[in-house]
Amino acid sequence: MRRLTRAVLEEIAEILDILNSENSSPVFNPSVAVLSALILAFTASFSQKTLVPLFLILASVAMAFFLEIDLKLWIKPVVLTFLATVVISAPLILLPENAFLFKPEISRIEEALFLILRATAASAIFTILIIHIGWTKLLEGLRGLCLPEEFVFLIGFSIKYIPVFLRDTCKLVAAKEARMLKGLKYKTAWRSMAAVAGEILLRSYEKSLKLHLALNARMFYIFPSTPLKHSINTYDVVLLICTALIVAAMML
Amino acid sequence: MTYILEVLDVHFSYPGGVVALRGAFLKARKGEVVAITGPNGCGKTTLLLIASGLLKPDKGRVLFDGTPLDEQLPQARKRIGLVFQNPDDQIFNSTVYDEIAFALRQLELKEEEIAERVEEIAEKLGIDSILKRPPYRLSLGEKKKVALASILVYEPELVLLDEPTANLSYKTVNEVEYIISELQREGKTVIVASHDVNFIARVADTVYVLSAGRVVGFGEARKILLDRDLLSKAELAPPLIARVAELLFDKENPLPLTLEELAEKLQKLKHK
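Source: prediction; values computed, not measured.

> Any chance you could explain the nonpolar core here in plain terms?
Burial of nonpolar side chains together is a common tendency in soluble globular proteins. Ranked by internal contacts, the top residues of the largest apolar core, which has 78 residues, are L5, L26, L47 and I191 of chain B. Ranked by residue count, the leading element in this core is helix α5 (residues 106-144) of chain A, at 13 residues. Structurally, this core is a two-domain feature, drawing no fewer than three residues from each of domain 1 (1-146 + 232-252) and domain 2 (148-226) of chain A. Setting aside its immediate chain neighbours within four residues, L47 of chain B contacts V7, V10, L21, A24, L26, I36 and L210 of chain B. Counting residues in each nonpolar core, the second largest holds 41 residues, with L104, V118, V159 and L168 of chain B among its members.

Structure follows, in structure tokens:
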């Protein structure tokens, strides 16, 4: 179980590392890509029709081929979202209206499957566009959309910080495990885990301060006083038109 | 005299009231290797963080090339490189390549040029075979080299190294020394914070001794590193070679600081 905890933490760190990639010459304008990613993810999440999320998943795969993105990279965050939604939607399937009767109902299963589909589609389309533009351009895109500087920094910092923090947590869990004796009682084990959680909170603060300094030390233009200008090309226009058509399809 | 960096009478306290610096100062000329030494917790790292503009002093001034550093930020960061003591605090990218290319990507260079420069520095530091690997799976020595490469790749004029030899093998320490001498040959200024006096004796021109946030002595490396009284104030002792030579030779003689100097002195004695 403890090994599973570490494996899950490492997997999540690796998934965030995927978003932590770079692309110095993306096909799309960063602001257009971020805006489309947000609109399409929103559309997938709130769609009432099955076709829209299904189409978005297919569009993501097509985009992966067009943008020459390694499918293995893209699939990881999508599968994680899928699994997380399966867990979240499990009560819908297992606990029908009358919670005492463990008898699945077809309508509930359909609802759960639709929820899983929408969440997976939202993650698929959002991830493909973000992987394509990369970390630096994501920040430039967010700035281009005139979002508050603090918000842009928080997003950028989180993508860098969460994998570092999760790996630190893994080390701490491993260090605790190394000193755990066989036949540990549950009560003692819980106390130990609580101590790890407290230590993690304190360390995370220290680590975030250090990472902030490390980021600042090599930041020359990431947060300039005026947003960087990126021209809008044909691909951007096509992406915007497709986004508008998908939103319209959802509304119809 | 042209100083690239002047840290003048700086005071700094961390939140919670821990006083790290009490009127510390430091000056570095272009092309000079300056060492800051002192016991653990004396304020060496804080002084480097202030010198790089990452921390703002509570009192005092930092001049970079004759102009206040805070007025030149963030652009001046292109000219200053800081290598942290613990590489895990500095490395935050998913691959070694991305880590080294991080600063170059902000300079809006073409990907081909970035690749060329990354490969060049990686080859120079002997880490070209690990460019695709995730940094968290590397050894400490490799991580230190990656951290160093990520700074040297954008060719800063002022390089600040915090405990560059801590926990490193003999071979890697030699490589770090070679890199420092190369940087000096290229006319760059290097400031090293270290409590390894043997290492300082081999690389530094000028030494500042820090104790409890104050500079208790500074001057030419030979003079400072042979001043037993001054060093003892900072819980340090002269380099091992100097202590061995002290036992072998008359104290009046200029004592050797490095192995090469000791060998030379012994050769002369042999010929006599």
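Text resumes after the structure shown.
> I would appreciate a short explanation of the packing of helix α3 (residues 51-66) of chain A against helix α8 (residues 234-251) of chain A in the present structure.
Each pair of packed helices gets described by two things: the angle between the helix axes and the distance between those axes. All names here are of chain A. α8 packs onto α3 with a crossing angle of 165 degrees between their chain directions and a minimal axis gap of 11 Å. Taken together, the axes of α3 and α8 are roughly antiparallel relative to one another. For the pair α3 and α8, the crossing hand works out as right-handed. Of the residues in α8, those touching α3 at V52, F55, L56, M63 and F66 are Y235, L239, I246 and M250.

> It is not clear to me how the side chain of E6 of chain B should be interpreted in this structure. Could you clarify?
Residues and elements named next belong to chain B. Mapping E6 onto the fold places it in strand β1 (residues 3-13). One buried charged residue, E6, remains without a salt bridge, the closest side chain of opposite sign being K27 at 4.2 Å. Sequence-distant contacts of E6, defined by excluding residues within four places in its chain, comprise L26, K27, R61, V62 and L63.

> Looking at this structure, I do not really get the interface of chain B and chain A. What am I missing?
The accessible area lost on association of the parts is a frequent measure of interface size. In this complex, chain B contributes 29 residues to the contact, which on the side of chain A involves 27 residues. Summing both partners gives a buried area of about 2700 Å² for chain B against chain A, and 56% of it is carried by carbon and sulfur. Seen at the junction of chain B and chain A, the total is 4 salt bridges. Where chain B touches chain A, the interface holds 7 residue pairs in polar contact (both at pLDDT 80 or more). Listing elements by their share of the side of chain B that touches chain A, those giving two or more residues are α3 (87-90), α4 (96-106) and α6 (140-152) of chain B. In terms of residues, the side of chain B that touches chain A owes the most to one element, α4 of chain B, which gives 6 residues. Considered class by class, the residues forming the side of chain B that touches chain A number 13 nonpolar, 6 polar and 10 charged.

> How should I be thinking about the packing of aromatic side chains in this particular structure?
The geometry of an aromatic ring pair is captured by the separation of the ring centres together with the interplanar angle, meaning the angle of the planes. The tally for this structure, following the rule as stated, stands at 11 aromatic pairs over all chains. Judged by centre distance (5.6 Å) and plane angle (50 degrees), the rings of F66 of chain A and Y235 of chain A are tilted. Taken together, the residues span a long stretch of sequence, with F66 of chain A in helix α3 and Y235 of chain A in helix α8 at a distance of 169 residues. By relative accessible area, which is 45% here, Y235 of chain A ends up partly exposed. Between Y208 of chain B and F218 of chain B the ring centres are 5.2 Å apart and the planes differ by 10 degrees, which places this aromatic pair in the stacked class. Of this pair, Y208 of chain B sits in strand β9 (residues 206-211) while F218 of chain B sits in strand β10 (residues 214-220), and the two are 10 residues apart along the sequence. A relative accessible area of 43% places F218 of chain B in the partly exposed class. Through a chain of ring-to-ring contacts, three or more aromatic side chains come together here, namely F153, F157, Y161 and F165 of chain A.

Rules and cut-offs
Residues numbered from 1 in each chain as written. Chains lettered and ligands numbered in written order. Predicted model: local features only at pLDDT ≥ 70, side-chain atom pairs only at ≥ 80, totals over all residues. Heavy atoms only, no water. Core = buried A, V, L, I, M, F, W, Y, C linked by side-chain atoms within 4.5 Å. Buried < 20%, exposed > 50% of the residue type's maximum accessible area, 1.4 Å probe, protein only. Helix = DSSP H or I, 4+ residues; strand = E, 2+ residues; numbered from the N terminus. Domains from an automatic or database assignment. Contact = heavy atoms within 4.5 Å. Axes fitted to C-alpha atoms, helices over the stretch in contact; angles between N-to-C directions. Parallel < 35°, antiparallel > 145°, perpendicular 65-115°, else oblique. Left-handed = near helix turned anticlockwise from the far one by under 90°. Lys, Arg positive; Asp, Glu negative; His and termini not counted. Salt bridge = Lys/Arg side-chain N within 4 Å of Asp/Glu carboxyl O. Buried area = accessible area lost by both parts, 1.4 Å probe. Polar contact = N/O pair within 3.5 Å; in protein donor to acceptor, adjacent residues only side chain to side chain. Nonpolar A, V, L, I, M, F, W, Y, C, P; charged D, E, K, R; others polar. Phe/Tyr/Trp six-rings, centres within 6.5 Å; stacked < 30°, edge-to-face > 60°.

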